[in-house]
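# Observations on chain architecture
Listed here are the chains, written in short residue letters.
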Amino acid sequence: VAGYSSTSMFDSALSAIESDCISETEPLLVCVWGKQQASALYATSPYIWQVDSSGNVLSSTEFGLGLTVDDSTSTSSYTAVISAVNDEGIGVGYGHVYNSNESVRIQPLVFVRSDKSTESLIDNDLYDAGYASDINNSNVVVGKVQTYYDGTYNDEFFVYDMATEELQTPDTFYTSAESSANAINDLGKVIGEAEYEVTTDTVRRKHGFIYDINTKEFFDINDLVECNSEFEIVEMKDINNSNQIAATALKTIDERDSLGEVKYDTYGEPYKEQVTVSVLLTPIESGEIENC
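Numbering of residues starts from 1 in every chain and runs along the sequence as written. Owing to the predicted nature of the model, reporting of local features is limited to residues with pLDDT of at least 70; listing and counting of side-chain atom pairs is limited to 80 or more, with chain, interface and lining totals taken over all residues. Heavy atoms from the whole structure form the basis of all side-chain values; hydrogens and water molecules are not counted.

## Focus on the sheet that holds strand S5 (residues 90-98)
Sheets are built from strands that pair by backbone hydrogen bonding, the pairs being arranged parallel or antiparallel. Quick reminder of the rule: Pairing between two strands is assigned when DSSP locates at least 2 bridges connecting them. Strands are runs of DSSP state E lasting at least 2 residues, helices are runs of H or I lasting at least 4, and numbering of each runs from the N terminus. Orientation is described by axes fitted as lines to C-alpha atoms, over the contacting stretch for helices, and by angles from 0 to 180 degrees between their N-to-C directions.
The four strands lie next to each other as S4-S5-S6-S7, forming an open sheet whose pairing is antiparallel. Each edge of the sheet is formed by a strand with only one pairing partner; in this case those strands are strand S4 (80-85) and strand S7 (117-120). Averaged over all pairs of adjacent strands, the angle between strand axes in this sheet comes to 35°, irrespective of strand direction. Where S5 lies against strand S6 (residues 104-112), nine bridges are found, and the strand directions are antiparallel. The residue bridging His-96 from the neighbouring strand is Ile-106, located in S6.

## With respect to the environment of Glu-156
Defined as follows: Only protein chains enter the area calculation, which uses a 1.4 Å probe; residues under 20% of their type maximum are buried, those over 50% are exposed, and those in between are partly exposed. Should any heavy atoms of two residues lie within 4.5 Å, those residues are considered in contact.
Tracing the backbone through its elements, the reader meets Glu-156 in strand S10 (residues 152-161). Classification of Glu-156 as partly exposed rests on a relative accessible area of 30%. The spacing of Glu-156 and Ile-82 is 74 residues in sequence and 20 Å in space, taken between C-alpha atoms. Contacts of Glu-156, omitting those with residues within four sequence positions, involve Tyr-127, Gly-143, Lys-144, Val-145, Thr-147, Thr-169 and Ser-179.

## Some points on a nonpolar patch on the surface
As a reminder of what qualifies: A patch consists of residues exposed above 30% relative accessible area that lack any salt bridge, with like charges linked at up to 9 Å and nonpolar side chains (Val, Leu, Ile, Met, Phe, Trp, Tyr) linked at up to 5 Å. For the area figures, the Shrake-Rupley method with a 1.4 Å probe applies, and any residue is considered shielded solely by the protein chains shown. Any Lys or Arg side-chain nitrogen found within 4 Å of a carboxyl oxygen on Asp or Glu counts as a salt bridge.
On the surface, a nonpolar cluster with roughly 240 Å² of combined accessible area is contributed by Val-1, Val-51 and Val-57. Structurally, the position occupied by Val-1 is in the segment before strand S1 (2-9). For Val-1, a relative accessible area of 52% puts it in the exposed group.

## As for the state of the cysteines
Operational definition: Here, a disulfide means two cysteine sulfur atoms that sit within 2.5 Å of each other.
As enumerated under the stated definition, the model contains two disulfides in all. Residue Cys-227 pairs covalently with Cys-292 via a disulfide, S to S 1.9 Å. Across the disulfide from Cys-227 to Cys-292, rotation about the S-S bond amounts to roughly -90°, and the bridge is consequently left-handed. Of this pair, Cys-227 sits in the loop between strand S15 (217-220) and strand S16 (231-239) while Cys-292 sits in the segment after strand S18 (272-281); the two residues are 65 residues apart in sequence, bridging distant segments of the chain. Judged by its relative accessible area of 23%, Cys-227 falls in the partly exposed class. Ordinal numbering of bonded cysteines along the protein chain defines a disulfide pattern of 1-2, 3-4.

Have a look at this one:
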């Protein structure tokens, strides 16, 4: 199991709680909660836990940050998080690192359980920011890298092979479409979402995608389901080794009022609205892509 854990409380936070949370105007825990909403109370570290089939924790491994922090500097500004871990105990995630100009930025990180090391996954000068979201048992990592221009961070999904140290940012629906990869299975299938709508608006609609690292094929997942489907798949969150995909879709339904009654227009037709639903996609064995 991969993630992060609080390891200690900051001295400044402890002092503020002791001086301000004296239970005269509000309960102690309410005051502490308020402090936590305003600023970080705890120093955190990346962690990997080993658990057995009953959920008992057998061991825990704490990792350091991706940079060295001077003792006189508060560490509340710096973080590192492990997003996923494979069967070899290699974790990936993101955290603050230095680039060649000694400026701090968020970049993809790799965490090796055998030697408790925290390292940058890619060259810190290649992109302005980045996040690793998943790793398979062949040590292929996926996530997104970001380039800053026009006053915002622009996302591209990436595939990184730790064996060859090769970083790829495959094409998606069109050249400037933003994209993000969320998961990869051991068969080399990458899933995520990317902008498909071509517009000058700052917000563009997205579709879920699947990318095969072996054949280099990229598909809009909506082209792989049945024609005239009632679902428009907009996010793809995880994929297993049976190629089943956990996703989010839009579905058009009759709009209802607060009492649950269908609302109608002046012509007696029901109003329609789009809602989000969770869907599980299961591949059809020997299935063929339909021409819709």
